[in-house]
Number of protein chains: 2
Amino acid sequence: MGLETNAWSEAAPVATGVDRLCIDTIRTLTMDAVERAKSGHPGMPMAMAPAAYLLYTRFMRHNPRDPRWPDRDRFVLSAGHGSMLLYSALHLSGYDLPLDELKRFRQWGSKTPGHPERDRVNETPGVETTTGPLGQGLAVAVGMALAERFLRERYGEEVMDHRVFGICSDGDLQEGLSHETASLAGHLGLGRVVFLYDDNAIQLDGPTSESFSEDVPSRFRAYGWHTLSVDDANDLEALSTAIAAGVAESARPTLIAVKSIIGWPAPNRQNTSKAHGAPLGEDEVRATKKLLGWDPDAEFVVPAEAYERFSQVERGAALQAEWQDRFDAWRAERRDLAEEWDAAWSDPARPMPGLADALPGFDPSEDGALATRAAGAKVMEAFAPFTPTMVGGAADLSESTKTEFPGEAVYTREAAGRNVKFGVREHAMGAAVNGMALHGGIVKPYGSTFLMFADYMRPAIRLSALMALPVVWVFTHDSVGLGEDGPTHQPVEHYAALRAIPGLTVIRPADANETADAWRVALEDVDGPVCLLLTRQNVPVLERGSVPVTGGVARGGYVVGEVREPDVILLATGSEVAVALEAQVLLSARGVDARVVSMPSWELFDAQDAAYRDEVLPPAIRARVAVEAGVAQGWSRYVGDTGRTVTIDRFGASAPGETVLTELGITPERVARAAAQAAGRQIELPATEGTPAFEATPPQAGHS
Amino acid sequence: MGLETNAWSEAAPVATGVDRLCIDTIRTLTMDAVERAKSGHPGMPMAMAPAAYLLYTRFMRHNPRDPRWPDRDRFVLSAGHGSMLLYSALHLSGYDLPLDELKRFRQWGSKTPGHPERDRVNETPGVETTTGPLGQGLAVAVGMALAERFLRERYGEEVMDHRVFGICSDGDLQEGLSHETASLAGHLGLGRVVFLYDDNAIQLDGPTSESFSEDVPSRFRAYGWHTLSVDDANDLEALSTAIAAGVAESARPTLIAVKSIIGWPAPNRQNTSKAHGAPLGEDEVRATKKLLGWDPDAEFVVPAEAYERFSQVERGAALQAEWQDRFDAWRAERRDLAEEWDAAWSDPARPMPGLADALPGFDPSEDGALATRAAGAKVMEAFAPFTPTMVGGAADLSESTKTEFPGEAVYTREAAGRNVKFGVREHAMGAAVNGMALHGGIVKPYGSTFLMFADYMRPAIRLSALMALPVVWVFTHDSVGLGEDGPTHQPVEHYAALRAIPGLTVIRPADANETADAWRVALEDVDGPVCLLLTRQNVPVLERGSVPVTGGVARGGYVVGEVREPDVILLATGSEVAVALEAQVLLSARGVDARVVSMPSWELFDAQDAAYRDEVLPPAIRARVAVEAGVAQGWSRYVGDTGRTVTIDRFGASAPGETVLTELGITPERVARAAAQAAGRQIELPATEGTPAFEATPPQAGHS
C-alpha cells in the first residue's frame, strides 16, 4: 500500500520536502538501529518523529555544542523506551553523538543504551535524564520547571528563562506518579512545562481500550492544565500551532494530546502492539523504506539535506551567545548574586567554608534528650544561609519531619520560595527533587516524609542513585519507637531495603550531634544521594568523653564508648546506640568490658581503608552484637559467625513507643545478655521485659 | 459559642433527636479515646460521624454477630487515621468490640490500634482491612468490588450481591494510587463501589489550598465515575439522598464529595489542622461536650437510646437469615458449584488433590533450556482447573510475564473474566489483589509485572505481608540477564529488598521444574503472600541425577549437585544455579569437589529444623560461595566469615543479557576461582571474562 491509500494519512497533509526528509530520517534510523540491535521499540519514534523534528529545530532553544548551557530548554522523553527518537534527534541536531553510536544501539559501553541514561561516567550529550520507568520523566520535567522558576525569580529573566518540553505515553499517564505530578504542577501553575502526549491507543498488551478509557484532557483540565489536541501526528501545521500555543501559555502547564499511529507507516506492523517493543523485521523494514521512497537496501542513511536542515549548531551558538552577553552584563552588575550563581552551578560536593563552625553543637547536660528530627530542624536553620538555592519540602508532613527553612517563603503559584509543600505526593516529590538536581543551580534539593513512606517513592530514590544525583532524602519517624501509629507507620525492613540500593548513602545518626555531622557530610562530602534517618522520639545527647563530637559520621562507624580491653563489641545505629551504651554499663558492672561502636552509615564505613575498619572492629575480637530496631538482614557481615543480633524481625505494633521497643526486645538487658553469650560469659541480669520469643539467636538459626 | 452561632451549621439542618445522639456519641467516644491515649486523630471522626451513622444503620447490610458473612457489604475506612470513627461505629452496631477496648485505644495488645488492622491473630471484628498508608483503602475497596462482581457472575445474585462502601480523605486522593485505582474502576464500571470523600479542606500541614487545588469531581468524572456533592456533612437528609443515589447507580462507581469541618464542633480546634492529628486537650473536650449538651465530666458515655437505635444485631441477623435461605436453596440446586464455593471460602493453604500430578515435568534432554517465565505459563495452564476462582493479571505486561489463564475471558466492563488487564498500574494492581484476597472467595489472587516494577507497588506488597494475605506476586525479568533494556529495568537490589519484608515468602526457582514446584508451594503450602521471581532469559532444565524433581523448593534449599566429600559448597538461586553447576565441573576437573545447593527461598529454608539445615549446609564445611545476580546483602549469614560471594553490587547496563552477566562477573570461572580461594586451594583457570573490579572478595571487605 502507498501512503496516499492510508486512510488515516488522508485526514491531514503529511509533511513534504526537506521537512519530510528529516522526519523520515528519524524513522529509518530508528528502524535500522532496532533491527541491528535485534531489540528495541520502533513504533513510538516512527509515529512521533514529526514532533521531535519540530521541537528540536523550531521550538527548543538549545546548543548542541554546549549541552550544559544553564539556560537551555530541557527536553524529557518520558516514554524512554522510544530512545531512538531522542538519539536520532540529538545526532541530527549536531550533538556529539556520532552515527557509529547509533549503530551500537543497546550494546555494552555505547552511548545509546536501551533507555536514555543520564550517566556521569559515560555521558550521552543532550540526554537530560534517565527515563524508562514510566511516569518518571513527566515528574522530573516538573521538577526542572520548579527549579527554573525559582532561579528565574532569584536571578532574573535575563539569565534564566527557559522551558521544559517533553513527550509522554499512555503508560506514563496510567502511572499514579502522573497524577501526583500533574496535580502539583497544575496547583503551582508551572507554565513553562509543555508536554506532548503520544495518544496512539496501543500498549504492550494490546489496544489501550482494554484497560484505559479515561478522558485524559478533561482529567488534566481538572488539575488546572492548559490542554490542546492534535488529530494527526503527521500534521506539522497543527502540531506547530499547538506547540506554539503551549509556549505562549505561561500561567498553566500545557498538555497536547497528539493522535498518532504507532509504527506508522510500516504497512503490516503499524497500529499494532507488535510495533511497540520488537524489531519490525527485515522484510517490513524494507517495505517501509520503499513506501517512504527510500532505498530498501541502504542502512543508517542520512541525506545531506537532512543534516543541513536539522543541524542546530549555528542557531544554538547564536542563541547561547545572546544569553552570554546578557549574563556577562548581569554578572558585572550583580557581583554578589553572580558569586552565588557560580557556587550553585559548581561541584555538588565541596567544602562550605565556615559551615562546620556554624552548625549547632549539643551538650548532654544542657540539651538532655531530643529527637534527632528536632535536632535536624536546628541544623537546617543553621546551614540555610550557606545554601541559598537549596529548595525542598515535605509530603504534607513538614510539621512532623520538621524540615523547612525557617523564615523562608513557601513555594506558591505566585512566588517561588525555598519551602515546597508537596502535599501527600511522596512519589512526585521524589521525582521532582531529582528534576531540580538534574536542572542544576539548585544546591542539594531535598524531600522529606516518614521513613515508612519511602516505599511510596522508592522508584525515584532508586533513580537518584542510578543517576548519582546530589539530593538529600530526610526520613523521620525511623523506627517502631514512633509508637501509637502502629505497624502501618513503623519501618522495620526499611534500613535493609535502602542499604540494598547501590550508590545510596544511608545515614542513621545516633543523637543530635551526629545529626549535625550527618547533614554536614550530606552537604560537603557526598556528591550522590544521601538518606538521613531521624527519630520521632527523644534520644539522649550522648556523653562522648574524649571522643570528638564531629567527624565520626564521615567515617561511617567509630568507637563512641571505649573500654580498656574489650571482651565484646556492641555495634548500633541511631536510637539504639544509647541502648548499647546502657548495656555497656550493665556489662561492666558484671565484669564484661564492651566497646560500643556507633555505625551511622554502612556505606561510609565500608569506604574506609582496612586499617581503619580493623581499628574500629579488631578482627581478633569475634564477640560482637549488633543492635538495631529493624530486621537483621546484612548485619552478619559485621558481627560474623560468632556474633549476635538484637533486632526486630517482625512487624511492629500500636502502643506507646517505649512499650513497643521493650516488648520487641530492644532493651539494654537483652543486649547485655546477647553480649555475654557472644563472649562466652555467664552473667546475672534482672529478667528482661523483652518477650522470650525475641531472644537473641545466632546467625545460623536464621535470624540474622 | 453555641451550635446555632456556627455560621457553617446554619447552612443546613443539623441532625436532631436520637439521630443526633448517636452521632454525638461517636464524637464523644472519639474525643475521650484520643484524650486517654494522649494521641490520635479526633478531627475526621467528629466531622464524618453522621456519614458513619447513616452507613452502619441505614445503608449497609451487615451482621455484627457474623463479621465473616460472605455477602455482607464491606466498609473500608481509607482514611485509616480516623480509626475511632470505625471503632465507635462497630461498638455501637453491636460487634464484639467492648467499650473497654475503646478505652484501650492505641495500647499494646488492644483491638483498637492507632490505625485499623486486619490481623488474623488479634482480630478486630468488623475491620475489613488494614489502612493508614494513604490511598490503599480506596484501592483495596476496588479489589473487593472486582471480587464481588466475579463471584456474582459465577454463582449468581442470590448468593453474592453486595456493595463496598468507604470514606477517603484529601490525602487519599493526592496519592498516585488513587488515580490508578479510580481510572481502573471507572474503566471497568465497578458500580458497587460507593465512596464518600471527606472534603474538609484541611491537611496536616495546613489548608489543602496550599498544595491541592484540583477539581476532584471533574477528575473522577473524567475516569467515568458517578459523582455527587453534599454541602454539609451534618445534613443527614442530603447525605442520605446522595448515598441512596450511589447505591442506585450500578454501572459506574460513585464518589460523593462531602464538605465537612474537621473537628466540628470543637469551639477552638474545629477547622484547624491541629484537630487532625492531636488530642483536643481536656478543656477543649469539656467545652465541646458542653456545646453538645453532654456532661463535661463524664467519659466514654453511651446513652441507652443510642445503643438501641444504633444496634444492628437484629437487623443484621434477619438480613443474613434471608441470605442463608437463598443460599441453602441454591446449594441444594447447584451441588457442583456449591462444592467449588466451599473450597473457595476455605483455608487458603490446603492440599489440592491431584495438583502435583497435573503439573508439567520438564526433561533436560527434551526441553533443553527455557525461561522460567515460559515454564510458568505452562504451569499456570496446568493448574488453572484446580483454581476456578483464581483471578489475576499483569500491569500491561502479560505478553512479557506470560501470566494468564489461557482460554479464560478477560475481565471487562461487560463481564468478569479471570484475566484482569490492570494497565500500567502496578500499585493499583497490588492493592486490588490484596482487596480480592480480603473479600474472600477468590483463591490466591495474583498480580504480575517485571521485578523492577515491584518498587512501584511496594507499599501494597508490604501490606499483603502485614495482613498475611494469600496472594501471589509473579515478578519476571528477574535479573540483569534481561539484557538490552538496561539498568532502569534490571533489578539488582530487589532480592534483598523483598527478603527484608517480614512474612513475605520469596521464591526464585532455578529452572522449569523448580518453577512448577514453586507454584505448587504457593498454592498448597503457604497461606501468606508469595513472590515468584522468574527469568526472562532461557535457563537449562537441570540434570538432577538421583535428586527428585519436586520437593526441593518446599524446603527452601536442597542439594542439587552432589559430590562424595565436598571441599566447598556453592549456594545459588534462580538462573545462577546453572552457573554454579558449570563451576562444579570446572572445579572437579581440577580436583576440587564442590556441592551445589539450590536455594530458591531463604524463608522456607530458615523454617526447616536445624538438622535439615545442617544436612544441606554442614557446619563443618566452612568453604562456601554464594552466587546470585544481585547485591550480596544478607548472604554472609549462609556463607559465613570464611565464605565468598559472587554477586552484582552495582547497577546493571544495557547490552545483550549474556554480555551483561559476563561483564559483571556472573561466570563459572569466577565462581570456581572464588570456591578455590574459599577452600584454600590453588587452581589454574582460563582467564575469566569478568572484569577484575568484580573479583570475589571476603565479607569483611564490605562486599557482602
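The following paragraphs examine the structure supplied in this document. Sequence positions are assigned chain by chain, starting from 1 and proceeding in written order. Whichever chain is written first is A, and whichever ligand is written first is 1; the rest continue in order. Predicted model: local features are reported for residues with pLDDT of at least 70 only, side-chain atom pairs are reported and counted for 80 or more only, and whole-chain, interface and lining totals are derived from all residues. To get the side-chain values, all heavy atoms of the structure are used, and hydrogens and water are removed first.

## A closer look at the relation of the copies chain B and chain A
Okay, step 1: Superposition of the copies was done by least squares, using only C-alpha atoms of residues whose pLDDT is at least 70 in both. Of the transformation placing chain B onto chain A, the axial shift is 0.0 Å and the rotation is 180°, giving an RMSD of 0.0 Å. The symmetry that links the two subunits is that of a two-fold axis. By C-alpha distance to the rotation axis, the residue of chain B lying nearest is Gly176(B), at 1.8 Å.
Okay, step 2: Note on contacts: a residue pair is in contact if any heavy atoms of the two residues lie within 4.5 Å. When you check the interface residues of chain B against chain A, 100% turn up at the interface there too, and the contact is symmetric in its surfaces.

## With respect to the sheet that holds strand 10 (residues 419-421) of chain B
All names here are of chain B.
Okay, step 1: In this scheme, strands are said to pair when DSSP sees at least two bridges between them. Numbered from the N terminus, helices here are DSSP runs of H or I no shorter than four residues, and strands are runs of E no shorter than two. Pairing within the open sheet is parallel, and its six strands lie in the order 10-9-11-12-14-13. On the outer flanks of this sheet lie strand 10 and strand 13 (505-507), each paired with one strand and no other. Each adjacent strand pair in this sheet contributes to an overall mean axis angle of 20°, direction not counted.
Okay, step 2: Across three bridges, the pairing between strand 9 (residues 392-394) and strand 10 is parallel. To get an axis, fit a line to the C-alpha atoms, keeping to the stretch in contact for a helix; angles then go from 0 to 180 degrees between the N-to-C directions.

## Quick look at the packing of helix 8 (residues 176-188) of chain A against helix 8 (residues 176-188) of chain B
Okay, step 1: Helix 8 of chain B packs onto helix 8 of chain A with a crossing angle of 120° between their chain directions and a minimal axis gap of 6 Å. In this view, helix 8 of chain A runs oblique relative to helix 8 of chain B, as classed from their interaxial angle. The hand of the helix 8 of chain A/helix 8 of chain B crossing is right-handed. On helix 8 of chain B, the residues that touch Gly176(A), Ser178(A), His179(A) and Glu180(A) of helix 8 of chain A are Gly176(B), Ser178(B), His179(B) and Glu180(B).
Okay, step 2: For this scheme, ten residues count as nonpolar: Ala, Val, Leu, Ile, Met, Phe, Trp, Tyr, Cys and Pro. Four count as charged, namely Asp, Glu, Lys and Arg, and the remainder, Gly too, count as polar. Across the contact of helix 8 of chain A with helix 8 of chain B, the residue classes tally to no nonpolar, six polar and two charged. Oblique is the label for any angle not under 35 degrees, not over 145, and not in the 65 to 115 range, which are roughly parallel, roughly antiparallel and roughly perpendicular in turn. Crossing chirality is assigned from the near helix's rotation relative to the far helix, an anticlockwise turn below a right angle marking it left-handed and a clockwise turn marking it right-handed.

## As for the pairing of strand 19 (residues 624-627) of chain B
Residue and element names in this part refer to chain B.
Okay, step 1: Burial along strand 19 is two-sided: the residues Arg-624 and Ala-626 and Val-625 and Val-627 are all buried.
Okay, step 2: The sheet contact formed by strand 17 (residues 568-572) and strand 19 spans four bridges and is parallel. Bridge pairing in strand 19 places Leu-571 opposite Ala-626.
Okay, step 3: Sheet analysis places strand 19 next to strand 20 (residues 644-646), joined by three bridges and oriented parallel. Each bridged residue has a counterpart across the sheet, and for Val-625 the counterpart in strand 20 is Arg-644. Buried means the residue's accessible area, taken with a 1.4 Å probe over protein chains only, is under 20% of the maximum for its type, while exposed means over 50%, and partly exposed covers the values in between.

## Overview of empty space enclosed by the protein
Okay, step 1: With a 1 Å grid laid over protein atoms only, a set of points is called a cavity when a 1.4 Å probe fits there but cannot get out and a pocket when it is open yet has protein on both sides within 12 Å along at least five of seven lines; lining residues have an atom within 4 Å of a point. Grid points are joined across faces, edges and corners, and a volume is the space filled by probe spheres set on the points. Under the definition given, this model contains 12 cavities of 30 Å³ or more.
Okay, step 2: For the largest cavity, the calculated volume is near 110 Å³.

## Comments concerning the packing of helix 3 (residues 43-59) of chain B against helix 10 (residues 236-248) of chain B
All names here are of chain B.
Okay, step 1: At their nearest, the axes of helix 3 and helix 10 sit 10 Å apart, and the two run at 55° to each other. The pairing of helix 3 with helix 10 is recorded here as oblique in orientation. As helix 3 runs across helix 10, the sense of the crossing is right-handed. Judged by residue contacts, Pro-50, Ala-51, Leu-54, Leu-55, Arg-58 and Phe-59 of helix 3 engage Leu-236, Leu-239, Ser-240, Ile-243, Ala-244 and Val-247 from helix 10.
Okay, step 2: The residue makeup of the contact of helix 3 with helix 10, split by class, is 10 nonpolar, one polar and one charged.

## Comments concerning the interface of chain B and chain A
Okay, step 1: Counting from both sides, the interface comprises 104 residues of chain B and, opposite them, 105 residues of chain A.
Okay, step 2: Counting the surface lost from both chain B and chain A, the interface buries some 8,700 Å², and carbon and sulfur atoms represent 53% of this.
Okay, step 3: Among the residues chain B hides against chain A, the three largest losses belong to Trp108(B), Arg462(B) and Arg637(B). Together they make up 10% of the total.
Okay, step 4: Definition used for salt bridges: Asp or Glu carboxyl oxygen within 4 Å of a side-chain nitrogen of Lys or Arg. Inspection of the region where chain B meets chain A yields 10 salt bridges.
Okay, step 5: When the shortest N-O distance is used, the salt bridge between Arg462(B) and Glu493(A) registers 2.6 Å.
Okay, step 6: Under the rule applied, a polar contact is a pair of N or O atoms within 3.5 Å (in protein, one hydrogen donor and one hydrogen acceptor; residues adjacent in sequence only if both atoms are side-chain atoms). The tally of links from chain B across to chain A stands at 67 residue pairs in polar contact (both at pLDDT 80 or more).
Okay, step 7: Looking at the side of chain B that touches chain A element by element, the count peaks at six residues for helix 8 of chain B.
Okay, step 8: Considered class by class, the residues forming the side of chain B that touches chain A number 36 nonpolar, 39 polar and 29 charged. By definition, the buried area sums, over both parts, the 1.4 Å-probe accessible area that each loses when the two are put together.

## Quick notes on helix 18 (residues 372-383) of chain A
Residue and element names in this part refer to chain A.
Okay, step 1: Taking 1.5 Å as the rise per residue, helix 18 with 12 residues should run 16 Å; its terminal C-alpha atoms sit 16 Å apart, in good agreement.
Okay, step 2: Those residues of helix 18 not exposed but buried are Thr-372, Arg-373, Ala-375, Gly-376, Val-379, Met-380, Ala-382 and Phe-383. Angularly, the buried residues of helix 18 cover 160° about the axis, an arc narrow enough to put them on a single face. For a helix, the expected span equals 1.5 Å multiplied by the residue count minus one. The directions considered for the arc run from the helix axis to the C-beta atoms.

## Focus: the pattern of salt bridges
Okay, step 1: This model, assessed by the stated rule, comprises 71 salt bridges over all chains.
Okay, step 2: With a shortest N-O distance of 2.7 Å, Asp32(A) and Lys289(A) are connected by a salt bridge. Of the two residues, Asp32(A) is situated in helix 2 (residues 17-37) and Lys289(A) in helix 12 (residues 282-292); the sequence distance between them amounts to 257 residues.
Okay, step 3: Of the residues examined, Lys289(A) reaches a relative accessible area of 2% and is grouped as buried.
Okay, step 4: The partner of Glu628(B) in a salt bridge is Arg499(B), with the nearest N and O atoms 2.6 Å apart. In this pair, Glu628(B) is assigned in the loop between strand 19 and helix 27 (636-639) and Arg499(B) in helix 22 (residues 494-499), connecting sequence segments 129 residues apart. Accessibility assignment for this pair places Glu628(B) and Arg499(B) in one class, buried.
Okay, step 5: Salt bridges sharing partners connect three or more residues here, namely Glu148(A), Arg152(A), Asp161(A) and Arg192(A).

## Details of the sheet that holds strand 9 (residues 392-394) of chain A
In any sheet, the strands associate via hydrogen bonds between backbone groups, in a parallel or an antiparallel arrangement.
All names here are of chain A.
Okay, step 1: Strands sit in the order 10-9-11-12-14-13 across an open sheet of six strands; the sheet is parallel. The open sheet has two free edges, formed respectively by strand 10 (419-421) and strand 13 (505-507), since each of these has just one partner strand. Each adjacent strand pair in this sheet contributes to an overall mean axis angle of 20°, direction not counted.
Okay, step 2: One ladder, built from three bridges, connects strand 9 with strand 11 (residues 446-450); its direction is parallel. Residue pairing in the sheet places Gly-393 in a bridge with Gly-447 of strand 11.

## Looking at the packing of aromatic side chains
Two numbers describe a pair of aromatic rings. These are the distance of the centres and the angle of the planes.
Okay, step 1: Any two of the Phe, Tyr and Trp rings considered here, Trp counted by its six-membered ring, make a pair once their centres fall within 6.5 Å; the pair's planes then place it as stacked at under 30 degrees, edge-to-face at over 60, or tilted in between. Using the criterion set out here, one finds 46 aromatic pairs over all chains in the structure.
Okay, step 2: A ring pair is formed by Phe220(B) and Tyr223(B), whose centres lie 5.4 Å apart and whose planes are at 85°; its orientation type is edge-to-face.
Okay, step 3: When its relative accessible area of 0% is taken as the criterion, Phe220(B) is described as buried.
Okay, step 4: On the numbers, 5.9 Å between centres and 65° between planes, the contact of Trp635(B) with Tyr638(B) is edge-to-face. Side by side, Trp635(B) and Tyr638(B) carry an identical accessibility label, which is buried.
Okay, step 5: An aromatic cluster of at least three residues, connected via ring pairs, comprises Trp69(A), Tyr155(A), Trp323(A), Phe327(A), Trp330(A), Trp341(A) and Trp345(A).
Okay, step 6: Above the face of the Phe405(A) ring, Arg418(A) is positioned so that its terminal group lies 4.0 Å from the ring centre.
Okay, step 7: Geometry around Tyr612(A) places Arg555(A) over its ring, the cationic atom sitting 3.7 Å from the centre. For a Lys NZ or an Arg CZ to count as sitting over a ring, it must be within 6 Å of the ring centre and within 35 degrees of the ring normal.

## A look at the side chain of Thr449(A)
All names here are of chain A.
Okay, step 1: Inspection of the secondary structure puts Thr-449 in strand 11.
Okay, step 2: The class of Thr-449 is buried, set by a relative accessible area of 0%.
Okay, step 3: With residues up to four places along the chain from it excluded, the contact list for Thr-449 reads Ala-395, Leu-397, Thr-401, Glu-426, Met-429, Ala-454, Met-457, Val-474, Phe-475 and Thr-476.

## Looking at the environment of Ala626(A)
Okay, step 1: Structurally, the position occupied by Ala626(A) is in strand 19 (residues 624-627).
Okay, step 2: Separated by 18 residues in sequence, Ala626(A) and Arg644(A) place their C-alpha atoms 6.4 Å apart.

## Quick word on unusual backbone geometry
Okay, step 1: In this structure, the amide linkage connecting Trp264(A) to the following residue, Pro265(A), adopts the cis form with an omega of 5°.
Okay, step 2: Relative to the assigned elements, Pro265(A) resides in the loop between strand 7 (254-259) and helix 11 (274-277).
Okay, step 3: The phi dihedral of Phe300(B) is positive, around 50°, even though this residue is not glycine.
Okay, step 4: Phi is positive for Lys444(B), close to 45°, though the residue is something other than glycine.
Okay, step 5: Its location among the elements puts Lys444(B) in the loop between helix 20 (426-439) and strand 11 (446-450).
Okay, step 6: On the basis of relative accessibility, which here comes to 2%, the residue Lys444(B) falls in the buried class.

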